[in-house]
Amino acid sequence: MATAWRPFWVVLAGCLVAGGGMALVSAAVPRALEKRGMVLSDLPGEPDGEALAALRRYYEVIPAAWPQPTLDPSVEFRELAALELPKQNPSPAKVALGKALFEDPVLSASGQIACQSCHNRELGWGDGLKTSFGHDRAQGRRNAMPLFNASLRRSLFWDGRSPDLEAQAAEPLVNPVEMANHDLTGVVGRLAASPAYPARFAAVFGTDRIEPEQVLEAIAAFEATLEERTRFDRFVQGDKRALTDQQVYGLHLFRTKAGCMNCHNGPLMTDEKFHNLGLSLLGRPKEDVGRYGVTGVLDDVGRFRTPSLRHVGETRPYMHNGIVPTLRHVIMLYQTGGGHTLPRNAAEARNPLMPFAGRTSPILKPLGLSPAEREALVAFLESL
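Everything numeric here is computed off the predicted structure, so don't read it as measured data.

Enquirer: Describe the overall build of the protein, naming the residues involved and giving the relevant values.
Expert: When you go through the protein residue by residue, the secondary structure sums to 15 helices and two strands. A sequence separation of at least 24 residues applies to 71% of the contacts in the protein between residues at least 6 apart. As displayed, the protein offers around 18000 Å² of accessible surface, 56% of which is attributable to carbon and sulfur atoms.

Enquirer: Tell me what's going on with the side chain of glutamine 247, and back it up with residues and numbers.
Expert: As for its placement among the helices and strands, glutamine 247 is situated in helix H10 (residues 245-255). Overall, glutamine 247 belongs to the buried group, its relative accessible area being 5%. At 2.9 Å, the side chain of glutamine 247 and the backbone nitrogen of threonine 244 are in polar contact.

Enquirer: Explain the pattern of salt bridges to me, and be specific about the residues and the numbers.
Expert: Pairing is possible between side chains of opposite charge, provided their charged atoms come close. Summed over all chains, the structure comprises 23 salt bridges. Across the pair glutamate 103 and lysine 99 runs a salt bridge, and its minimum N-O distance is 2.8 Å. Separated by four residues within a single helix, glutamate 103 and lysine 99 lie in helix H4 (residues 92-103), roughly one turn from each other. Aspartate 288 is the partner of arginine 142 in a salt bridge, and the nearest nitrogen-oxygen pair spans 2.8 Å. Placement of arginine 142 in the loop between H4 and helix H5 (165-174) and of aspartate 288 in the loop between strand E1 (274-276) and helix H11 (292-295) is noted, with a sequence separation of 146 residues between them.

Enquirer: Residues and numbers for the packing of aromatic side chains, please.
Expert: One pair of aromatic rings is described through two measures. These are the centre distance and the angle between the planes. The final tally for this structure, using the stated rule, is eight aromatic pairs. Taken together, the ring pairs connect Phe102, Trp125 and Phe222 into an aromatic cluster.

Enquirer: Can you break down helix H12 (residues 327-335) residue by residue, with the values?
Expert: For H12, the full list of buried residues reads Leu327, Val330, Ile331, Leu333 and Gln335. Here the buried face of H12 lies against helix H15 (371-381). Once H12 finishes, glycine 337 follows within two positions and takes phi at roughly 90°, a positive value.

Enquirer: Report on the environment of asparagine 321, specifying residues and quantitative values.
Expert: On the secondary structure map, asparagine 321 appears in the loop between strand E2 (303-305) and H12. By relative accessible area, asparagine 321 is classed as buried at 5%. Discounting chain neighbours no more than four positions away, the residues touching asparagine 321 are Lys130, Thr131, Arg141, Asn143, Leu279 and Leu281. Among the polar contacts made by the side chain of asparagine 321, one reaches the side chain of histidine 320 at a distance of 3.4 Å.

Enquirer: A description of the nonpolar core should follow, citing residues and the corresponding values.
Expert: One finds Trp66, Leu80, Phe232, Phe235 and Phe254 to be the most contacted residues of the largest nonpolar core, which totals 45 residues. Where this core is concerned, the elements lending two or more residues are helix H3 (49-59), helix H9 (231-236), H10, H12 and H15. The next biggest cluster of nonpolar side chains, apart from the first, holds 34 residues, and it includes Leu101, Ile113, Leu147 and Phe148.

Enquirer: Summarise H5; cite the residues concerned and give the values.
Expert: The complete set of buried residues in H5 reads Leu165, Gln168, Ala169, Ala170, Pro172 and Leu173. Elements in contact with the buried residues of H5: helix H6 (184-192) and helix H8 (212-223). Its side-chain oxygen at 3.3 Å from the backbone nitrogen of glutamate 166, aspartate 164 defines the N-terminal cap of H5.

Enquirer: Could you give an account of the packing of H5 against H8, with specific residues and numbers?
Expert: Contact geometry of H5 with H8 gives a least axis separation of 8 Å together with a crossing angle of 115°. Taken together, H5 and H8 sit at an angle that is classed as roughly perpendicular. As H5 packs across H8, the resulting crossing turns out to be right-handed. Contacts between H5 and H8 involve Leu165, Glu166, Gln168, Ala169, Ala170 and Leu173 from the former and Leu216, Glu217, Ile219, Ala220 and Glu223 from the latter.

How each quantity is defined
- Throughout, a residue's number is its position along its own chain's written sequence, starting from 1.
- Totals for whole chains, interfaces and linings use every residue, but because this is a predicted model, local features are given only for residues with pLDDT of at least 70 and side-chain atom pairs only at 80 or more, for both listing and counting.
- Computation of side-chain values covers all heavy atoms of the structure but excludes hydrogens and water.
- The secondary structure listing takes helices from DSSP runs of H or I that are at least 4 residues long and strands from runs of E that are at least 2 residues long, numbered from the N terminus.
- Between two residues, a contact is recorded if the distance between any of their heavy atoms is within 4.5 Å.
- All accessibility values rest on the Shrake-Rupley procedure with a 1.4 Å probe; residue burial counts only the protein chains present in the view.
- The rule is simple: take the accessible area with a 1.4 Å probe, protein chains only, and divide by the maximum for that residue type; under 20% is buried, over 50% is exposed, in between is partly exposed.
- Two N or O atoms form a polar contact when they lie within 3.5 Å of each other; inside protein one atom must be a possible hydrogen donor and the other a possible acceptor, and for residues adjacent in sequence the pair counts only when both atoms belong to side chains.
- Any carboxyl oxygen of Asp or Glu within 4 Å of a side-chain nitrogen of Lys or Arg constitutes a salt bridge here.
- Planes of paired rings set the category: under 30 degrees apart is stacked, over 60 is edge-to-face and the rest tilted, where pairs are Phe, Tyr or Trp rings (Trp by its six-membered ring) whose centres lie within 6.5 Å.
- In this text, buried Ala, Val, Leu, Ile, Met, Phe, Trp, Tyr and Cys residues form a nonpolar core when linked through side-chain atoms within 4.5 Å.
- To obtain an axis, a line is fitted to C-alpha atoms, over the contacting stretch when the element is a helix, and the angle between two such axes runs from 0 to 180 degrees between their N-to-C directions.
- Should an angle fall under 35 degrees it is called roughly parallel, over 145 degrees roughly antiparallel, and 65 to 115 degrees roughly perpendicular, with every other angle called oblique.
- Each helix crossing is assigned a hand: it is left-handed if the near helix lies turned anticlockwise from the far helix by less than a right angle, otherwise right-handed if that turn is clockwise.

Laid out in structure tokens, this is it:
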């Protein structure tokens, strides 16, 4: 099989060596993709080492020359890519102040809960729980989302209700189930009465008075520094040994048979949209109508924001309610075509939201992945 793949690799390598750069490679791509597509269609469900080594050669090139992805017709193609990390904040003192605030339980009404209680660096900037505990051990209803690339997202929270980091930072401070402040006045008062914070705020913001907006701005400045380079980034940027053969196989499945790129695409590996995966649990104790709670639009019942898959191996459990414990379980959910929200009795059938909760994304389809393919996908996801 390896010999059948070699001609394309030689052609593409020749383009690169010839010094034609991107232009020559791009010109060769359509012909090469057509030839290579016939070969890739013959890739067995459980390829041996020789086949995996051959497959690797198709991905040890610039992403523009990778095999064409398999996408739903409704999806706009955006290739995977290394993420350009956010530039360093011009005010290191502001970032340091934000870090101190993020880690300080003085921000909570009880003096016992800090931002890092639910967003811990050692737990992938989450807390490792299905749903988080807050004030007086009250249990929240949603999984704590990781903060790695929060500053780069179009909206925040599972339902997308916050447009930026400053707005996001304010919500847990005044949520009665989380940090339980009546408003931000008490937070500012405690900071102003502390021995260290007034001078630190004055040094950063040049004022003698601590304002709520300054607290939020400093926390956001720190949160914008949390993204990190990944093995996948290194692979795309030229370190071709950053991924194993199995992980490259998983990358190929991610882009083709598994259909992951329908929703997880681009450098952030998210389409920034909201989808119904059939997990709203409408009519059950853990019911969550998702985006509908923000917009009031019936089509949004049960829709939740597509998370970024960067660092996904560090951020279990998964989904808005944390009910999927591992990446293997995530893949099995998609393997069966997603969840299903159906009425269990006449009362639930009369719920006007039920028809919309049961209307899962048309992109979801059973996958038919073999055990070896599922393991390769897990291996690739752990590289992100």
